[in-house]
Amino acid sequence: MKYIEAGSYEELSRIAAGIIADQVKEKPDCVLGLATGSTPIGTYKELIKKYEAGELDFSKVKTVNLDEYIGLDGSSDQSYRYFMNHNLFDHVNIDKNNTNVPNGKAADPSKEGARYDELVASLGGTDIQLLGIGHDGHIGFNEPDEVFYAATHEVVLDDMTIDANARFFASRDEVPTKAITMGMWAIMQAKKIILVANGEGKKDIVDKFMHGPVTPKVPASILQCHRDVTVIYSKN
Ligand code: PGA
């Protein structure tokens, strides 16, 4: 794994956006795996800047997002579909038909998971997968568990995750308790993975997933088995 320590959140965002921008320039119809959470917001801002400067063309780019809350769709401003529209898609020339987020309102989440994995496969996998990391080591919403789950699947969120995400909701009670997330197959088939982590509070988990044992108790540790991972960490 390649490790880059950025001097600031802005620098972290510029480095991550630079890698994604290079991919879009090299392969205009590339498939980007995208993430939500507060850390990638700066990366998306940098990508928007590059688009506005005429450096980037998203017209042929396709995207697949990692996860969505069960019970929410784009009509809710807490949904990850809304987040992506608001923080990136509405500001660049991407065709929304080429953007994909798991359907949090699917009647049968396991069928939705299978559909999503087939979609990722039919796109030929992602060229780059952007990831954040939870304090508990989750990637997407793959929470610490006894096993790694390969397929896109429904998960019950950890209390730690609900606590962390409560800041985006009016109260903790409003945070959905379940989500649908890409499993390890869809994440690990990416040709390249970028993981962004920001803040002193993430330092320990970054050390642990990079250097500790590969275990589903630290879901991000599976990235040690991927051959092209860049971790970008900034303390500030
Ligand atoms: P954060 O979330 O970027 O808001 O810290 C990361 C994650 O939970 O994946």
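Residues numbered from 1 in each chain as written. Predicted model: local features only at pLDDT ≥ 70, side-chain atom pairs only at ≥ 80, totals over all residues. Heavy atoms only, no water.

Here we come to the environment of valine 101. By the element assignment, valine 101 lies in the loop between strand 5 (99-100) and helix 4 (109-122). Once the C-alpha coordinates of valine 101 and valine 64 are considered, the two residues, 37 residues apart in sequence, prove to be 6.0 Å apart. Ignoring any residue separated from it by four or fewer positions in sequence, one finds valine 101 in contact with Asn65, Asp67, Glu68, Arg81, Arg115 and Tyr116. (Helix = DSSP H or I, 4+ residues; strand = E, 2+ residues; numbered from the N terminus. Contact = heavy atoms within 4.5 Å.)

What follows is about the site of the ligand. Around the ligand sit Gly37, Ser38, Thr39, Gly132, Ile133, Gly134, His138, Arg167 and Lys202, and that is every residue in its neighbourhood. Contact distances for the ligand include 2.6 Å between an oxygen atom and a side-chain N or O atom of lysine 202. If the ligand stood free it would expose 280 Å²; the protein chains cover 84% of that surface. Grouping the amino acids of the shell around the ligand by side-chain chemistry returns one nonpolar, six polar and two charged. (Near = heavy atom within 4 Å. Polar contact = N/O pair within 3.5 Å; in protein donor to acceptor, adjacent residues only side chain to side chain. Areas by Shrake-Rupley, 256 points an atom, 1.4 Å probe, with all protein chains shown as cover. Nonpolar A, V, L, I, M, F, W, Y, C, P; charged D, E, K, R; others polar.)

Take the environment of proline 102 next. Its place among the elements puts proline 102 in the loop between strand 5 and helix 4. Residue proline 102 is classed as buried on the basis of its relative accessible area, which comes to 3%. Separated by 25 residues in the primary sequence, proline 102 and aspartate 127 place their C-alpha atoms 19 Å from one another. The contacts of proline 102, once residues within four sequence positions are left out, are Asn65, Leu66, Asp67, Glu68, Glu112, Tyr116 and Ile180. (Buried < 20%, exposed > 50% of the residue type's maximum accessible area, 1.4 Å probe, protein only.)

Oppositely charged side chains are able to pair whenever their charged atoms sit close together. Throughout the structure, instances matching the rule amount to 13 salt bridges. The partner of aspartate 228 in a salt bridge is lysine 192, with the nearest N and O atoms 3.5 Å apart. Separated by 36 residues along the polypeptide, aspartate 228 in the loop between helix 7 (203-211) and strand 10 (229-234) and lysine 192 in strand 9 (residues 192-198) bring together distant segments of the chain. Note on aspartate 228: relative accessible area 26%, which makes it partly exposed. (Salt bridge = Lys/Arg side-chain N within 4 Å of Asp/Glu carboxyl O.)

The values reported here are purely geometric and, on their own, carry no functional implication.
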